[in-house]
Amino acid sequence: MTVTPHSVVAEKSGNANVPSNVLAPAPTVRVLIVDDDPALRKILSVMLTQADFLCRTAARGEDALRILEGHATDVVISDLRMPGISGMDLLIEVRERYPQLAFLMVTGEDETRVGVRAMQLGADDYLLKPFDVDVVLGSLHRALQRKKLEREVQEYRLHLEEMVSERTQQLRAALLQTERSYEDTLEALGAAIDLRDSPTAGHSRRVFLYSMELAKSIGGLEQEIRSIAMGAWLHDIGKLAIPDRVLLKPGPLTESEWEIMRRHARIGYELVKSISFLAGAAEIVLTHHERFDGSGYPQGLRAEEIPFSARIFAVADTLDAMTSDRPYRAALPLQAARDVIERGSGTLFDPLVVTAFLRVPNETWSLIASETLAVQPSSVLAAGTIRILGTPTVVPPDSAE
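Residues numbered from 1 in each chain as written. Predicted model: local features only at pLDDT ≥ 70, side-chain atom pairs only at ≥ 80, totals over all residues. Heavy atoms only, no water.

Undergrad: An account of empty space enclosed by the protein is requested, with residue identities and associated values reported.
TA: Within this structure, the stated rule accounts for three cavities of 30 Å³ or more. Residue lining of the largest cavity: T287, E290, R291, F292, I306, A310, R311, A314, L348, F349 and D350, and that is the complete set. Per element, the largest residue contribution to the lining of the largest cavity is three residues, and it comes from helix α12 (residues 308–323). Per-class residue counts for the lining of the largest cavity are six nonpolar, one polar and four charged. (1 Å grid on protein atoms, 1.4 Å probe; cavity = no way out; pocket = protein on both sides within 12 Å on 5 of 7 lines; lining within 4 Å. Points joined across faces, edges and corners; volume = space filled by probe spheres on them. Helix = DSSP H or I, 4+ residues; strand = E, 2+ residues; numbered from the N terminus. Nonpolar A, V, L, I, M, F, W, Y, C, P; charged D, E, K, R; others polar.)

Undergrad: Pulling in residues and values, what's your account of helix α13 (residues 334–343)?
TA: Residues L334, A337, R338 and I341 constitute the buried set of α13. Mapping the buried residues of α13 onto a view down its axis gives an arc of 100°, with all of them on the same face. Those residues of α13 hidden inside the fold are in contact with α12, α14 (351–359) and α15 (362–370). (Buried < 20%, exposed > 50% of the residue type's maximum accessible area, 1.4 Å probe, protein only. Arc of directions from axis to C-beta. Contact = heavy atoms within 4.5 Å.)

Undergrad: Could you give an account of the sheet that holds strand β1 (residues 30–34), with specific residues and numbers?
TA: Taken together, the five strands give an open sheet; going across it, the order is β2-β1-β3-β4-β5, and neighbouring strands pair in parallel fashion. Looking at which strands have only one partner, the edges of the open sheet turn out to be β2 (54–58) and β5 (125–128). Between one strand axis and the next, the sheet turns through 20° on average, direction left out of account. Pairing analysis gives five bridges linking strand β3 (residues 75–79) to strand β4 (residues 102–107), with the strands arranged parallel. Bridging from a neighbouring strand, V76 pairs with F103 of β4. With respect to the sheet, helix α2 (residues 38–50) is in contact with β1, β2 and β3, its orientation differing from that of β2 by roughly 170°. Across the sheet, helix α5 (residues 112–120) is in contact with β4 and β5; its angle to β5 comes to roughly 160°. (Pairing = 2+ DSSP bridges. Axes fitted to C-alpha atoms, helices over the stretch in contact; angles between N-to-C directions.)

Undergrad: Talk me through the pairing of β1; I want residue IDs and the actual numbers.
TA: Burial analysis of β1 places four of its five residues in the buried class, the great majority of the element. Two strands pair when backbone bridges link them, and β1 and β2 are joined in this way by five bridges, in the parallel orientation. Bridge pairing links V34 to A58 in β2. You can see the chain leave β1, run along α2 and come back into β2, and the turn it takes is right-handed. Relative to β3, β1 runs parallel, the two sharing four bridges. Paired with V31 across the two strands is V75, which belongs to β3. (Right-handed = clockwise from strand over helix to strand, strands pointing away.)

Structure below.
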């Protein structure tokens, strides 16, 4: 049915050909009709008012933008050709400012290609003059349904983002709780080692700090730093299974006793290798007594066969062993340890690690030793945040494994 100014009123009672689902939209659907032809504005306004739409009209694009600023609107129906702001310009402005609005472009029969172009720029549909009530109401219905679906999709996305955010917070809380459990586990294991081997109490804490300073001096170990930290902290965990008569013997060990003592590396490895968060530390636990020339144990590895983390630890361990009091001798001066490590470069120790060790001044090692009691397992888990002499050790906390 083609609508003219004289046929609009008749549509009120004669609309059998129009689908019922487009004749009764919600009364709150608000339409803005924009056309410089008053007759066409009147035609559309009467047609849509009879179909229970709430209509406003504007003669120019500039007037339409002012109305949109002050009045809630659901649909804009605009003629293509108007003085001042054209229908295409209005479409672009509306899409930028009010993307939630439906927009229908009105074109003449010879402007169909322009109407298609308008849809490419964001119009929901285009209407041809003269107007057909079925087509106009059907087009409006489809445009409103499309916008409704877009809103639902947007709401779903927002809801999904909220769900993801909430789930992320829950995961962070769970990870924090897991981290705290890790700290408790490390604290308990460290305490057990200290209680079991009281003559070397504090040793694990010191070699942990020494290893961190060596890693900082070497550089480029961001991915390995946490495993190095935990491996240094727990390297002697296998001693929990060594008999007191061997572990706590005040004098020199016999060969058979040394054989028992050497088992602690393998025992410790078996204890921690299956614990997921300690898996990276297990290689230090197993290989911390290997030597660069192959003279170490338990596997007699040499040079590059020894994990680099264990080569770092070997220097840290020797430094602490020589500068700490032991049942069979007093602590040696730091310079003596420094000389032994330097002489052992290429035989007992990796030359690269020795070079990094020698770059660090004696004052730094002394300060580290004095800070031992302040170090807690939480520092091991966040190894990259530890500060020595006011300098970050290696990596920021979010870079740790």
